[in-house]
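Notes for the structure review
These are the residues of each chain, in order.
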Amino acid sequence: MESNMGVMPIVLELNAGSFVVHAALFWDEKDVILVDTGIPGHGKLIKETLNRESNLFDRLTKIIITHHDNDHIGSLPELLAESNNRIEVLAHPLAKPYIMGELPLMKGGHMARPAKVDYTVQDGEVLPYCGGIQVVYTPGHMPDHISLYHLPSKTLISGDALTAQEGVLMPPSAQFTIDMDQALQSVAKLAELDIETVIAYHGGVCKDQIRERLAVIAEGAGRT
Ligand SMILES: [Zn+2]
């Protein structure tokens, strides 16, 4: 059973390697699910990267968006067009109007190229895909931010709720986080999970001292 499902990082080297992000992919026999979609103009790169391994793009059934920042939703319209819209899109209700191009992005102020959202997810909901994916509402970096916890592998897809540097878990970006106190409260919430691996969008995979790092990062919550 274990080998028929899993989660792995998808490393996207954008702009000749000057910008690297770590999307994630859940899979089992029924579903292949991409988490986040890079910046605009990189749909083709994502498609090629995924298809390099067992035609994963052609098998893609769903895309989950962690929050509506441009580097997470950017290539969503392109990927949907490439797939003839067969892919379902999931996001938090607060992200939906931004993804659909109905409200200007909170950072940048422009409208996103419109994409669809098929299903909105709620805090605590366990999506019945790939062995079970728990939605954890983790606002702070952005008000619509969710993290995703893969129950069978104890892997957390942290989006931008956390970052990483050379395998060490780090706080969310001070520069790009809208409400740091709320973001650190969200880290405290993540610390309640039994996590073995974290995939951070900016920084990649962490396996060591997850519990300790989450506690240390969340400690900052009381600061001014
Ligand atoms: Zn972000």
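Structure: above.
Below: a short report on this structure.

Cut-off values and rules
- Residues numbered from 1 in each chain as written.
- Predicted model: local features only at pLDDT ≥ 70, side-chain atom pairs only at ≥ 80, totals over all residues.
- Helix = DSSP H or I, 4+ residues; strand = E, 2+ residues; numbered from the N terminus.
- Rg over C-alpha atoms; globule rule 2.2 N^0.38 Å.
- Buried ≥ 20, exposed ≤ 12 C-beta atoms within 10 Å, placed from the backbone.
- Contact = placed C-beta atoms within 7 Å.
- Pairing = 2+ DSSP bridges.
- Core = buried A, V, L, I, M, F, W, Y, C linked by C-beta atoms within 7 Å.
- Arc of directions from axis to C-beta.

A count of helical and extended segments in the protein gives six helices and 14 strands. For the protein, the C-alpha radius of gyration of 16 Å lies close to 17 Å, the compact-globule estimate for 224 residues. With the C-alpha coordinates of the protein rotated into their principal frame, the extents come out at 50 × 45 × 35 Å. Buried residues in the protein amount to 42% of all 224 residues. Within the protein, contacts between residues at least 6 apart in sequence are counted, and of these 64% link residues at least 24 apart.

Moving on, we come to the sheet that holds strand E8 (residues 133-137). A sheet is described by the order of its strands in space; here six strands give the open sequence E7-E8-E9-E10-E13-E14, paired in mixed fashion. If you trace the sheet from one side to the other, it starts and ends with strand E7 (126-127) and strand E14 (204-206), each paired once. Alignment of E8 against strand E9 (residues 146-150), held across five bridges, turns out to be antiparallel. When the bridges of E9 are listed, Ile-133 appears paired with His-150.

Counting 58 residues, the largest nonpolar core has Ile-33, Ile-65, Val-89, Ile-99 and Val-198 as its most contacted members. Sorting elements by how many residues they give to this core places strand E2 (residues 19-27) first, with six residues.

This part is about helix H1 (residues 43-51). Within H1 the residues assigned to the buried category are Gly-43, Ile-46 and Leu-50. With its buried residues spanning 65° around the axis, H1 presents them on a single face. More than 90 degrees from the buried face of H1, the exposed residues found are Lys-44 and Glu-48. At its buried positions, H1 is contacted by strand E1 (6-14) and helix H3 (76-82).

Turning next to the environment of Thr-155. Residue placement: Thr-155 occurs in strand E10 (residues 155-159). The class for Thr-155 is buried, based on 24 C-beta atoms found within 10 Å. When the C-alpha positions of Thr-155 and Ile-133 are compared, they lie 9.5 Å apart, and in sequence the two are 22 residues distant. Among residues more than four places away in sequence, those in contact with Thr-155 are Val-7, His-150, Glu-196, Thr-197 and Ile-199.

Before going further, it helps to examine the sheet that holds strand E3 (residues 32-35). As summarised here, the arrangement of the six strands in space is E1-E2-E3-E4-E5-E6, forming an open sheet in which the pairing is mixed. The sheet is open, and its two edges are formed by E1 and strand E6 (119-120), each paired on a single side. As defined by bridge partners, E2 adjoins E3 across four bridges and the pair is classed as antiparallel. Paired with Ala-24 across the two strands is Val-35, which belongs to E3.

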